[in-house]
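Coordinate analysis (summary)
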Amino acid sequence: MSGCEGGSCSTCGTDDPNRLPPGMLKAYDLNQSTADGILVWTEVVEGPDGPRIDDSGAELIGAARNLTDGRVFAVVFGGTELKSLYGRLFGYGVDTLYHVREKSLERYSPEAYAECIASLMDRIVPAAVLIGATSRGREVAPRIAAKMGLGLTADCTGLRADGRKLIMTRPAFGGNLMADIECTKYPQMATVRPGSFPRPEDSEGQGTVIYWQFCPECIKDVISDEPMEEDGSDIRDAKVLISLGDGIRDRSLIDVAESVARKIGAQVSCSRALVEKGWMPRSRQVGMSGRTVAPEIYLAFGISGAVQHRAGMLRSGKVIAVNNDPDAPIHSFADLSFIADAGDVLRAMDRE
Amino acid sequence: MFYRQRIRSDSKYLTDESKMTGKGEHVIIPLNEGELREAVRINNSKGNPITVSAMRTGVCGGCVPLEGDVISLERMSGVLGIGRDERGYFARVLPCTTIEEINTVLRGRDFSKLADVTEGARESLAGEPVPYFYPVDPTEMGGSIGGNIACNASGPRTYRYGPTRDWIRRLMVVLPEGQYVDFKRGDFKAEGRRMSFPAGRSYYSFDIPTYDFNTSVKNAAGPMFHEDMDLIDMFVGSEGIFGIIAEADVYLAPWHPLMSNILFFPSDSDALAAVKEIRSDEAIDPEFLEYMDGRSLELLRGVMGSDPAMVRVPRIPDRAGAALFFDMMMTDDMVDRYSHVAAIAERHGSSLEDSWCGHTEGDRARMRDMRHSIPRSIFEYVASLKQGMPGIHKMGTDMSVPDSAADEMMAYYSEQLDAAGLEYVVFGHIGNNHPHVEIILKSMDDFEKAKEVYGRFARKAVELGGSPSAEHGIGKIKIDYMELLYGREGVEQIRKVKDILDPKGILCRGNILGAVQ
Amino acid sequence: MRFAVAVKQVPDTMEMSVDENGSLVRTGVPAILNPYDEQALAEVLRIRESGDEVVVFTMGPPQAAEALRRCLELGADSAYLITDRAFAGADVYATARALAAFITGNIPDASLYVFGRQAIDGDTGQVPYEVAALLDVQQFAYTESLERDGDSFLAVQDYGHVRRTARVPKGSVVSFGTVDPNCPLPSIRGYLESLGRPIKEVDRVALGLGVYSVGLKGSLTRIVSTESVMSTRRNRRVEISNPATAADFIMTELEGSR
């Protein structure tokens, strides 16, 4: 016997005839996926001056660039008008851009988008796929994950890399717990809450563009797509929300709030009371019967803070409440609360 | 030493849910019974009036001071212990403990921080198969137990459980001269109409009034007196004019799972006809029976969208023209008992489809929210009128009559109000023939008319053998009813008792007896 | 037509309180039917016609039967409880896989598979779309309203910046995005009828899934560590008479967080 342990040399016999020579598995890592690089689905939104890269997409490219030593891939859906965005995308850090120019995919369809991105993943075999946790991203990502039998961490607020392994952080149990999660298979998938990473500086860059041919099997029978807001904004994407409630007794205060919002780069949302009054559209409503928002700063003006409302804004970063009712429940879950008239404070902010 | 602070003119200590505003100089906040007695003694020696106040949820101005100081018991709060006697379990509580707090402690079933008033009572209560609760539900669960005792509060569940009075085991009362009497039901009883009891170094003995308090209907009009009465009953419902409740033992009842139901009817008359049948049907055996007339439902439909407190109230079906709300204990024979409900419903234009029911706490709360939204909506409506008409206040009846006179009283309400051209809603404790009639005031003119009609209602209720103040008490707002009920002589007799216990007349001036001339 | 509605039992987060450390207190909090699922069921019951059948199902511990009871009281015709100790610890994929296996085995012919957008106890609302993918059917997210249109349905979906109206073919997954807080309560008739309806139990073996396909073992994500975040809500309260002071303060806070 050569004194080695457990048959680590060829002179020792093993019971298993199929067993590889010891150490070889580790040296060649034959059991390991070859996945590498990060793929980002970059949503493109129609702006007044043509197509624009959605903030969440830009942020994710920036994040991917810092997370991998490998390539950063991006996929965009749309027609030739997207050519104007190439330079910008490369500037953010994309190495290879897949442009899906299929006519039937110019209109969003979750099934076909998922199928198409899955086909790209088969081709690229990325180590990770990042998708913005937007209303579209939240439905496309799980469809891809299930189709390909992959793990998916939804609504992450942080990502770390350990080699090509991603550690994904997301709040759990109403935000009282932060959980670090990993996927057990490659490609790893995550949807990332908009605003979790800084938007990279705009610059023009160079890279490879591949027109990806994909013919979807299933196209949705869409009857109409009506734009809901003139500016295409969605309160779910806002970083700062000025939210108005029942304590706003004067309709003109909504204009004041809009003016303050423009000044500080916020959007205006509301509680159910104002939607019922017909003062605000339902698309601006925060709460269980409206939308769930998670801005960095939530300014609650005249909102009493009924539990249903609270459910819609529980994940906000900082909550500042202004309400002249000292017993209003909103005060008990705000970081800072002012017992003052919401209208007066809004007007004062507008004057500043 | 005790906390004593000047009262600002906008202080919360000067008002209650009646929105009546008073005047006062200082607020005294004793931390315990010792400080309370010291405060009473000092004020008594100076002849300085004191008004007792706790959660200020009364609707008749009972805790609103007219002069002198306010003693707020707000710091004397909490459940102290659990005991058990031949009647059953009881909780020992401080006066400013709210009904909600008592029930929360009991629901939690962790009594380790409480005292054993009788040996082993805590452990034995914790080991009971069902939780216990304090069963008198005065609707306002945020009111203090002391306040509830002082006005003998009742509510929907009085239908089954009776008023507060029936649940009081023991009281510790601080008397106006600074002594205290700590006694159980049965310790001191009047001999005929002569009441005698010792308190500290004093011994009181006096004749009680000659009237008999009406207990055949729900009644909160003035203090109770009758032959051979128990001293407990003299303090319960006396609205603080004889003494201050510093501690109490209240009996508890086993809690059973309940099913809440709301049955909708096409019209008011259908619902009222069904009331009688439900009440006389032994199988249904409701815990309480509450009525909401068509106008109440209309009112709720109107505020549904804008009132944040209505946020989880279920949408009222369009066809509903009136509703009955009742709880039933959950038993194994629900199917059978509901078949009785179905038969009654169908006889009066309704059916089991036109109903809601729920046995989870969340569902039951949604139904309670609906019922409670009616008075609150009216309250807010009246508050909104106050800007233009400062003198206006809410006009709601609180009158109960015996079963035999229920129809006559209901007819009288609508006849008089319609004749006066007033808008109104009717809702409330129909099981005890005690609905609330609330007038939707539009102008000061309406207000004057309403006051006049109310006087007639009160006289009619008394004439029919009922009470003009079934649950809200007399306070400072309804003192006119005292003479109506007991005559000038009866009121004078009460005043004589008061003079013996409170020779300087410092305690809760203005309540029941009115301001001293 | 047959409608299959997936529901979940959740702790009533509205009843949850926060302790002095800022953690949610879950003990003693009643369990309820997830409000989004209740709304989804209400929408289905609204469009149901005579002869239609509404089946509800849930995956959870035995006590989740309470949530199914509630669905039966509201008018669902039958209920399945998918329960097995091996299901514990399932991530989205393992959950979707079990649900899809259940659907394929028990109600493969439903006209629609209906979900609530998400559970209020902190889940992320991915399950409906994973199930749709595994069943290989179309998915309709954020649905606001659904109408019958012959053999198929028309859905109005709220995508935030656009409101989409689309045709929903038979067999699709629809998830409802809103909650109606004023939703109706069960009627006494509904309650009485529900008493006679059984809840069928289905376990792992009945689904034909191996132990490595379900629960923690069948999950494709793994929690590496958790860290409790102390209440970030500082809850500072200021009574202010001059609105300009409050305005100044808020503006400064906004600047500070840029």
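As the structure is a computational prediction, the values presented were derived from the model and not from experiment.

Moving on, we get to the overall build of chain A. Scanning chain A for helices and strands turns up 9 helices and 18 strands. Of all 352 residues assigned to chain A, the portion counted as buried reaches 51%. Relative to all contacts within chain A whose residues are 6 or more apart in sequence, the contacts with residues 24 or more apart total 66%.

The secondary structure content of chain C amounts to 7 helices and 15 strands. The burial tally for chain C puts 49% of its 258 residues in the buried class. Partitioning the contacts of chain C with sequence separation of at least 6, the portion at a separation of at least 24 is 69%.

Our next topic: the environment of Asp 207 of chain B. Residue and element names in this part refer to chain B. Summarising the element assignment, Asp 207 is placed in strand E12 (residues 202-207). A C-alpha to C-alpha distance of 8.8 Å links Asp 207 and Ser 196, two positions 11 residues apart in sequence. Every residue in contact with Asp 207, bar those within four places of it in the chain, is listed here: Arg 193 and Arg 194.

Once that is clear, we can look at the sheet that holds strand E16 (residues 297-301) of chain A. Across the sheet, 6 strands lie side by side as E15(A)-E14(A)-E16(A)-E17(A)-E18(A)-E15(C); this open sheet has parallel pairing. Of all strands in the sheet, those bounded by a partner on one side alone are strand E15 (267-270) of chain A together with strand E15 (236-239) of chain C. Ignoring which end each strand starts from, the neighbouring axes of this sheet average 20° apart. Across 5 bridges, E16 of chain A lies against strand E17 (residues 318-322) of chain A in parallel orientation. Within E17 of chain A, the position partnered with Phe 301 of chain A by the bridge is Val 322 of chain A. Along the sheet, helix H7 (residues 243-256) of chain C contacts strand E14 (240-244), E16, E17 and strand E18 (336-339) of chain A; its crossing angle with E17 of chain A, the most-contacted strand, is approximately 170°.

The subject of this paragraph is the nonpolar core. Among the nonpolar cores identified, the biggest contains 152 residues, and Val 173, Val 250, Ala 323 and Leu 324 of chain B are the most heavily contacted of them. Looking at which element gives the most residues to this core, the answer is helix H13 (residues 480-501) of chain B, with 7 residues. Residue contacts for Leu 324 of chain B: discarding those within four places in its chain leaves Leu 263, Ala 271, Ala 274, Val 275, Leu 289 and Tyr 291 of chain B. Formed by 133 residues, the second largest nonpolar core is a distinct cluster that contains Val 76, Val 129 and Leu 150 of chain A together with Val 114 of chain C.

With that out of the way, let us pick up the sheet that holds strand E10 (residues 152-158) of chain C. What the 10 strands build is an open sheet, ordered E13(A)-E11(C)-E10(C)-E9(C)-E12(C)-E8(C)-E1(C)-E6(C)-E7(C)-E13(C); its pairing is mixed. This sheet does not close on itself; its edge strands, each paired only once, are strand E13 (222-227) of chain A together with strand E13 (199-202) of chain C. Across the sheet, the axes of successive neighbouring strands diverge by a mean angle of 30°, strand direction being ignored. In this sheet, E13 of chain C lies alongside strand E7 (residues 78-82) of chain C in parallel orientation, the contact comprising 4 bridges. Each residue of the ladder has a partner; that of Tyr 80 of chain C, found in E13 of chain C, is Lys 200 of chain C. In the packing of helix H2 (residues 65-74) of chain C onto the sheet, contacts are made with strand E1 (2-7), strand E6 (53-59), E7 and E13 of chain C, and the angle to E7 of chain C comes to roughly 165°.

The subject of this paragraph is unusual backbone geometry. Leave glycine aside and you will find that most residues have negative phi; peptide bonds, for their part, are mostly trans. Cis geometry marks the peptide bond from Tyr 186 of chain A to Pro 187 of chain A, where omega comes out at -5°. Inspection of the secondary structure puts Pro 187 of chain A in the loop between strand E10 (177-183) and strand E11 (188-192). Even without being a glycine, Ile 512 of chain B presents a positive backbone phi close to 60°. Tracing the backbone shows Ile 512 of chain B in the segment after H13.

If a strand is regular, its side chains alternate between the two faces of the sheet. Residue and element names in this part refer to chain B. A large share of strand E20 (residues 434-440) lies buried, amounting to 6 of its 7 residues. With 7 bridges connecting them, strand E19 (residues 423-429) and E20 associate as antiparallel partners. Bridge pairing in E20 links Glu 423 to Ile 440. Linking E19 to E20, which pair antiparallel, is a turn of 4 residues; within it Asn 433 sits at a positive phi near 50°.

At the interface, 76 residues of chain A touch 64 residues of chain C. Taken together, the residues of the side of chain A that touches chain C sort by class into 40 nonpolar, 14 polar and 22 charged. In this structure, E13 of chain A lies alongside strand E11 (residues 162-168) of chain C, joined through 5 bridges in antiparallel fashion. Residue pairing in the sheet places Val 222 of chain A in a bridge with Ala 166 of chain C of E11 of chain C.

Here we come to the pairing of strand E7 (residues 152-156) of chain A. Residue and element names in this part refer to chain A. With respect to burial, E7 is a largely interior element, 5 of its 5 residues being buried. Note: E7 against E11, 3 bridges, orientation parallel. When the bridges of E11 are listed, Thr 153 appears paired with Ala 190.

All names here are of chain B. For the pair helix H8 (residues 294-303) and helix H10 (residues 361-385), interaxial distance at closest approach is 10 Å and the crossing angle is 85°. Comparing their axes, H10 and H8 come out roughly perpendicular. The segment H8 lies against H10, with Ser 296, Leu 299, Leu 300 and Val 303 engaging Met 370, Ser 373, Ile 374 and Ser 377.

All names here are of chain A. Here helix H4 (residues 110-124) contains 15 residues, and its C-alpha end-to-end distance of 21 Å stays within 8% of the 21 Å for a straight helix at 1.5 Å per residue. The buried fraction of H4 is high, at 11 of 15 residues. Along H4, the residues classified as buried are Pro 110, Glu 111, Ala 112, Tyr 113, Ala 114, Glu 115, Cys 116, Ile 117, Leu 120, Met 121 and Ile 124. Two residues or fewer past H4, Val 125 is found with a positive phi of approximately 50°.

Criteria and thresholds
- Residues numbered from 1 in each chain as written.
- Chains lettered and ligands numbered in written order.
- Predicted model: local features only at pLDDT ≥ 70, side-chain atom pairs only at ≥ 80, totals over all residues.
- Helix = DSSP H or I, 4+ residues; strand = E, 2+ residues; numbered from the N terminus.
- Buried ≥ 20, exposed ≤ 12 C-beta atoms within 10 Å, placed from the backbone.
- Contact = placed C-beta atoms within 7 Å.
- Pairing = 2+ DSSP bridges.
- Axes fitted to C-alpha atoms, helices over the stretch in contact; angles between N-to-C directions.
- Core = buried A, V, L, I, M, F, W, Y, C linked by C-beta atoms within 7 Å.
- Nonpolar A, V, L, I, M, F, W, Y, C, P; charged D, E, K, R; others polar.
- Parallel < 35°, antiparallel > 145°, perpendicular 65-115°, else oblique.
- Expected span 1.5 Å × (residues − 1).

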